[in-house]
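Below are the chains, spelled out letter by letter.
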Amino acid sequence: VAMSTTGDKILDTALSKIGEKSLFTKELESALERNEVDLVVHSLKDLPTSLPPGFTIGAVCKRENPLDAVVFHPKNCGKTLSLLPEKSVIGTSSLRRAAQLKKKFPHLEFRDIRGNLNTRLKKLDEKEDFSAIILAAAGLKRMGWENRIGQLLGPEDCLYAVGQGALAVEVRAKDQEILNMVSALHDADTVLCCIAERAFMRRLEGGCSVPVAVNTLLKDDQLYLTGAVYSLDGSDSLKETMQTGVSYPHQNEDGPNDDVQHVGITAKNVPGQAQEAAENLGVELASLLLSKGAKHILSVARQLNEDL
């Protein structure tokens, strides 16, 4: 069942301005609630860190490359952002991307661009308005347009969005049959990374109206989370990294605890203690940034964004 959402329909306003938390999810969740569908598939980064009561993320699929990618206007083919001429205009509707890239590439200008992938690529190719646009590499790869990626932005250039690159399957929390069925799609490593990222975001009370960014790495049973907050122009920022161990045996957790949610995710086939450790990591990292003044940076960013 194909459906379009508020976020797909309002294309003349920046996402961060619409002020609706569930832009790309509300219509789908209504269909789920009315039993018209049994599961809905989202980009995890579109799902708020607190889901409406009665819903849960029953599966997080193996993450595609979470990095941001630069797609250049055909005339700039073969260039990188640093090689673009002074005052070149870059299209992105993400405050997170703009804040980081303004700081890193002060010679460039950043402007809003909305629409689905086809629309954005068309705007780029057919007009002279933009020298390049920034998109999630995962979306381009899924659509088979990987050949359009001119430059991948590593963590040193641009930390990615919470949950970026992962698909989430949302289901009714009480629907055991469907929950059990979709749980086979869970990728344990992706689940732990995304729980940490979502817990970080939730503790900061971030959404698409403030620049919050992350980078996670799971290596040798250690989960590393880097998180950052930015002012709108990127001049003010806080960034820290923390780690935790996530190697726990899988216990059979039948009984009343079998449906414990961690930031909206139900993953029965991933050790509960590992999920807890990942969630605590996100909360602790956010608390560290808050103790260093993140709240001020974010509230100024939120205020400025509303005033623009």
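Only a predicted model underlies this, so the values are computations on that prediction, with no experimental measurement involved.

Calculation notes
Residues numbered from 1 in each chain as written. Predicted model: local features only at pLDDT ≥ 70, side-chain atom pairs only at ≥ 80, totals over all residues. Heavy atoms only, no water. Buried < 20%, exposed > 50% of the residue type's maximum accessible area, 1.4 Å probe, protein only. Helix = DSSP H or I, 4+ residues; strand = E, 2+ residues; numbered from the N terminus. Pairing = 2+ DSSP bridges. Patch = residues over 30% accessible without salt bridge, like charges linked within 9 Å, V, L, I, M, F, W, Y side chains within 5 Å. Areas by Shrake-Rupley, 256 points an atom, 1.4 Å probe, with all protein chains shown as cover. Salt bridge = Lys/Arg side-chain N within 4 Å of Asp/Glu carboxyl O. pLDDT = per-residue confidence, 0-100. Contact = heavy atoms within 4.5 Å. Arc of directions from axis to C-beta. Axes fitted to C-alpha atoms, helices over the stretch in contact; angles between N-to-C directions. Core = buried A, V, L, I, M, F, W, Y, C linked by side-chain atoms within 4.5 Å.

Trainee: Just give me the short version of the pairing of strand 3 (residues 68–72), but keep the residues and values in it.
Mentor: Burial analysis of strand 3 places five of its five residues in the buried class, which makes it a mostly covered element. The sheet contact formed by strand 3 and strand 6 (residues 132–136) spans five bridges and is antiparallel. Across the sheet, the residue bridging to V71 is I133, located in strand 6. Here strand 3 runs beside strand 7 (residues 151–153); their pairing, made up of three bridges, is antiparallel. For V70, the partnering residue across the bridge sits in strand 7 and is Q151.

Trainee: How would you summarise a nonpolar patch on the surface if you had to cite specific residues and measurements?
Mentor: Together, L39, V41 and M181 line one region of the surface with nonpolar side chains, adding up to about 270 Å² of accessible area. Relative to the helices and strands, M181 resides in helix 7 (residues 176–182).

Trainee: Tell me about the confidence of the model for the chain, and please be specific about residues and values.
Mentor: Model confidence for the chain is summarised by a mean pLDDT of 89, while 89% of its residues fall at 70 or above. Within the chain, no element has a lower average pLDDT than helix 2 (residues 15–18), which sits at 42, and none a higher one than strand 3, at 98. The low-confidence segment residues 7–23 (pLDDT under 50) makes 32 contacts with residues lying over four places distant or belonging to another chain.

Trainee: Let's hear about helix 3 (residues 26–33): which residues, and what values?
Mentor: Listed in full, the buried residues belonging to helix 3 are L28, E29, A31 and L32. For helix 3, the angular spread of buried residues about the axis comes to 155°, placing them on one side. Buried-residue contacts for helix 3 involve strand 1 (40–43), strand 2 (55–60) and strand 8 (167–172). Of the residues flanking the end of helix 3, it is N35, one or two places downstream, whose phi is positive at about 60°.

Trainee: How would you sum up the pattern of salt bridges? Please name residues and give values.
Mentor: Evaluated as defined, the whole model comprises 14 salt bridges. Among the ionic pairs, K104 bridges to D157, the shortest N-O distance being 3.5 Å. Taken together, the positions of K104 in helix 4 (residues 95–104) and D157 in the loop between strand 7 and strand 8 put the pair 53 residues apart, joining distant regions of the chain. Residue D157 is classed as buried on the basis of its relative accessible area of 14%. Here K292 ties to E240 by a salt bridge, and the two come within 2.6 Å at their closest N and O atoms. With K292 in the loop between helix 9 (272–291) and helix 10 (294–307) and E240 in strand 11 (residues 237–245), this pair connects stretches of sequence that are 52 residues apart. With a relative accessible area of 45%, K292 lands in the partly exposed category.

Trainee: Help me get a handle on the sheet that holds strand 9 (residues 212–219), residues and values and all.
Mentor: Two modes of strand pairing occur in sheets, parallel and antiparallel, and in both the strands are linked by backbone hydrogen bonds. Taken in spatial order, the three strands make up an open sheet running 9-10-11, and their pairing is antiparallel. Only two strands of the sheet have a single neighbouring strand rather than two, namely strand 9 and strand 11. Averaged over neighbouring strand pairs, the angle between their axes works out to 15° when direction is ignored. Pairing of strand 10 (residues 222–230) with strand 11, which is carried by nine bridges, proceeds in the antiparallel orientation. Of the residues in strand 11, the one forming a bridge with L223 is T244. Most of the contacts of helix 9 go to strand 11, to which it runs at about 150°, and overall it touches strand 10 and strand 11.

Trainee: Describe the pairing of strand 9, with residues and values.
Mentor: In regular strands, side chains alternate between the two faces of the sheet. The pairing of strand 9 with strand 10 spans eight bridges and is classified as antiparallel. Its bridge partner lying in strand 10, T216 is registered against L225.

Trainee: Describe in detail unusual backbone geometry, supporting the description with residues and values.
Mentor: In this structure, N35 takes a positive phi of about 60° despite not being glycine. With respect to the element layout, N35 can be found in the loop between helix 3 and strand 1. Overall, the relative accessible area of 52% leaves N35 in the exposed class. A positive phi angle is found at D220, which is not glycine, with a value near 50°.

Trainee: Could you give an account of the nonpolar core, naming the residues involved and the relevant values?
Mentor: Counting 42 residues, the largest nonpolar core has L44, I57, F200, L204, V212 and V229 as the members making the most contacts within it. Beyond its immediate sequence surroundings of up to four residues, L204 is in contact with V212, V229, A286, L290, A294 and L298. In this structure, L81, L84, L101 and F110 belong to the second largest nonpolar core, which totals 14 residues.

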